[in-house]
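Residue-level structural notes
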Amino acid sequence: MVFDFTTENFENQVLKSDVPVLVEFWASWCGPCQRVAPILEALDQDVQGLAKVGKLDVDEESKIADEFGVMSIPTIIVFKNGKVDQSTIGVQSKETLRKLLGV
Amino acid sequence: MKKVIIIGHGPAGISAAIYLKRAGIDPLVIGKDHGALEGYDDLVENFYGQEKPLEGVTLIQNGIKQARGLGIEVVSDAVISLETHEKGFTVKTANHVYESKTVLLATGKKRETLNRPGFNKYRGKGISMCAVCDGFFYRKKKIAIVGCGAYMLHELNHLKRMTKDLMVFTDGHPLDADIDVPVVHDKIKKFSGEEKISHIETKDHSYEVDGVFIALGTPSSVEFASQLGVIVEKGNLVVDKNYQTNIEGLFAAGDIIGGKLQIAKAVYDGMMAADAMYDYLKKKK
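Model, not experiment: these values are computed from the prediction.

Observations concerning the overall build of chain B
Summing up its helical and strand segments, chain B has 7 helices and 17 strands in all. Its C-alpha atoms give chain B a radius of gyration of 20 Å, near enough to 19 Å, the size a compact globule of 285 residues would have. With the principal axes as the frame, chain B shows a C-alpha extent of 55 × 45 × 35 Å. Expressed as a percentage of the 285 residues in chain B, the buried residues total 53%. When the accessible surface of chain B is split by element, carbon and sulfur atoms take 49% of a total near 14000 Å².

Rendered as structure tokens:
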């Protein structure tokens, strides 16, 4: 399942996760972000049990987007042990995202 | 509505046009500049069938003449935006708006548009290549747009909805648009800041900015494609074995998909993409 991360669940679901977490910062008005959705769905199927995959709406959750300096979407950040491990801007292939996750 | 619009009139675009024409489809080719063959100092001597080495630009002009001779419509115009909709694509140029079921991106690869200190460092940290994607983050902030023509105007009009605090930097180029915001004509020396960008520096001045949008010359395929959500890796558009991107109906060929950056390979790509587009259109019927 592709998670919807929010300010409320971010700490528990992302920062305290014991597996790597890939977060896509997106918004409903962002054209390129619509193209990321099917890629995340497929990636999520591939990494089940190994990693978490989810997205965070920068309109709704602007505080978290600001905290991580997101100024361009889609931005994709991989968190490991509560810290930013990898980060990239733009639409990427499933294979590249999996490499970022390192699983 | 057109069946095929080809953006780019170099080896990949023109050979795709020729093969499509032979398959009974009338493509429209729109092109402006000459990709890597422009400013290429040496003569091209490694391409089959030329009696004498030729200048890259001459080769392209010959290709355009060849296509026109075969009854293909080749328009010289700068494409400034590409959008998708249910039935296909809208291609906006400096002078016209066209509709098409499919689009082939074959613009080739230009050199980096703004190779200045700080450009790569602040990319995504205040420097953006796409007003539609990132304008939102700069609401009511100080925005600079780097550009001088129709593409700049297109981005400026979008950004006007976000803020009133706008400036245009032509980076030493003559201004070719009628605009009502302050203009700096000096060349940009560097982009500076801390974590995020904070200033654009010219010879004599340092200008405070929160965001910088690059809209110089005409956008490259990589720029259009990123705005639409095409997968871009290492500066190349990613296509499948049918030369189709992850967006249905949007194809790409030539230097922009990577591999050998050679005319022979671009010509091959163009032919293969034409076949794939023909099959795609046939299935769509």
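Some thoughts on the pattern of salt bridges
Within this structure, the stated rule accounts for 13 salt bridges over all chains. For Asp46(A), the salt bridge is made with Lys94(A), and the minimal N-O distance between the two is 2.8 Å. Taken together, the residues Asp46(A) in helix H2 (residues 31–46) and Lys94(A) in helix H4 (residues 94–101) connect sequence positions 48 residues apart. Glu83(B) is the salt-bridge partner of Lys92(B), the closest N and O atoms lying 3.8 Å from each other. The exposure class assigned to Lys92(B) is partly exposed, which follows from its relative accessible area of 28%. Note on Glu83(B): relative accessible area 37%, which makes it partly exposed.

Topic: the pairing of strand S4 (residues 79–85) of chain B
All names here are of chain B. Bridge analysis of S4 against strand S5 (residues 88–93) gives 6 bridges, and the strand direction is antiparallel. Note that in S5 the partner of His-85 across the bridge is Gly-88. Counting the residues that bridge the hairpin from S4 to S5 gives 2 residues.

Regarding the environment of Thr84(B)
Among the structural elements, Thr84(B) can be located in strand S4. Separated by 144 residues in sequence, Thr84(B) and Leu228(B) place their C-alpha atoms 7.5 Å apart. Once residues lying within four places of it in the same chain are set aside, the contact partners of Thr84(B) are Arg35(A), Phe89(B), Leu228(B) and Ile247(B).

Overview of the confidence of the model for chain B
For chain B, the average pLDDT comes to 92, and 97% of its residues sit at 70 or higher. The element-level mean pLDDT for chain B is lowest in helix H4 (residues 131–134) of chain B, coming to 83, with helix H1 (residues 11–22) of chain B highest at 98.

Remarks on a positive patch on the surface
A contiguous patch of positive charge on the surface is contributed by Arg139(B), Lys140(B), Lys141(B), Lys164(B) and Lys196(B). Tracing the backbone through its elements, the reader meets Lys140(B) in the loop between H4 and strand S8 (143–146).

What to know about the nonpolar core
Judged by nonpolar contacts, the single largest core of 55 residues is most densely connected at Leu82(B), Val91(B), Val103(B), Leu104(B), Leu105(B), Leu237(B) and Leu250(B). If you look at the next biggest cluster of nonpolar residues, it comprises 39 residues, including Val14(A), Val21(A), Ala27(A) and Leu56(A).

Describing the state of the cysteines
Scanning the model with the defined rule gives 1 disulfide over all chains in all. In this model, Cys30(A) is linked to Cys33(A) through a disulfide, with the two sulfur atoms separated by 2.2 Å. Between Cys30(A) and Cys33(A) the disulfide shows an S-S torsion of about 80°. By sign, it is right-handed. With a relative accessible area of 3%, Cys33(A) lands in the buried category. Counting only cysteine sulfurs, Cys130(B) is the nearest neighbor of Cys148(B), a cysteine outside any disulfide, at a range of 19 Å. Residue Cys148(B) is classed as buried on the basis of its relative accessible area of 14%.

With respect to the interface of chain B and chain A
Contacts between the two partners involve 23 residues from chain B, matched on the other side by 18 residues from chain A. Summed over both sides, the interface between chain B and chain A buries roughly 1600 Å², with carbon and sulfur atoms accounting for 58% of that surface. On the chain B side of the interface with chain A, the three residues burying the most area are Phe136(B), Phe137(B) and Glu233(B), jointly 30% of the side's total. Between the two partners, chain B and chain A, sit 0 salt bridges. There are 6 residue pairs in polar contact (both at pLDDT 80 or more) connecting chain B and chain A. Mapped onto the side of chain B that touches chain A, the elements with two or more residues apiece are H4, helix H6 (221–228) and strand S15 (232–233) of chain B. Class assignment for the residues of the side of chain B that touches chain A results in 10 nonpolar, 7 polar and 6 charged.

Re the side chain of Asp57(A)
All names here are of chain A. By the secondary structure assignment, Asp-57 is in strand S3 (residues 52–57). No salt bridge is formed by the buried Asp-57; its nearest oppositely charged neighbour, Lys-55, is found at 7.9 Å. Looking at Asp-57, its side chain comes within polar contact range of the main-chain nitrogen of Asp-59, at 2.8 Å. In contact with Asp-57, other than residues within four places in its own chain, are Trp-26 and Ala-27.

Some points on the pairing of strand S6 (residues 97–105) of chain B
Residues and elements named next belong to chain B. Relative to S6, strand S1 (residues 2–7) is paired through 5 bridges, and the arrangement is parallel. In the sheet register, Ile-7 faces S6, and the bridge partner there is Leu-105. Relative to S6, S5 runs antiparallel, the two sharing 4 bridges. The residue bridging Val-91 from the neighbouring strand is Tyr-98, located in S6. If you look at the hairpin formed by S5 and S6, you'll find 3 residues sitting between the two strands. The pairing of S6 with strand S17 (residues 250–252) spans 3 bridges and is classified as parallel. Opposite Leu-104, over in S17, you have Phe-251 as the bridge partner.

Definitions and limits used
- Residues numbered from 1 in each chain as written.
- Chains lettered and ligands numbered in written order.
- Predicted model: local features only at pLDDT ≥ 70, side-chain atom pairs only at ≥ 80, totals over all residues.
- Heavy atoms only, no water.
- Helix = DSSP H or I, 4+ residues; strand = E, 2+ residues; numbered from the N terminus.
- Rg over C-alpha atoms; globule rule 2.2 N^0.38 Å.
- Buried < 20%, exposed > 50% of the residue type's maximum accessible area, 1.4 Å probe, protein only.
- Areas by Shrake-Rupley, 256 points an atom, 1.4 Å probe, with all protein chains shown as cover.
- Salt bridge = Lys/Arg side-chain N within 4 Å of Asp/Glu carboxyl O.
- Pairing = 2+ DSSP bridges.
- Contact = heavy atoms within 4.5 Å.
- pLDDT = per-residue confidence, 0-100.
- Patch = residues over 30% accessible without salt bridge, like charges linked within 9 Å, V, L, I, M, F, W, Y side chains within 5 Å.
- Lys, Arg positive; Asp, Glu negative; His and termini not counted.
- Charge placed at Lys NZ, Arg CZ, Asp CG, Glu CD.
- Core = buried A, V, L, I, M, F, W, Y, C linked by side-chain atoms within 4.5 Å.
- Disulfide = S-S within 2.5 Å.
- Buried area = accessible area lost by both parts, 1.4 Å probe.
- Polar contact = N/O pair within 3.5 Å; in protein donor to acceptor, adjacent residues only side chain to side chain.
- Nonpolar A, V, L, I, M, F, W, Y, C, P; charged D, E, K, R; others polar.

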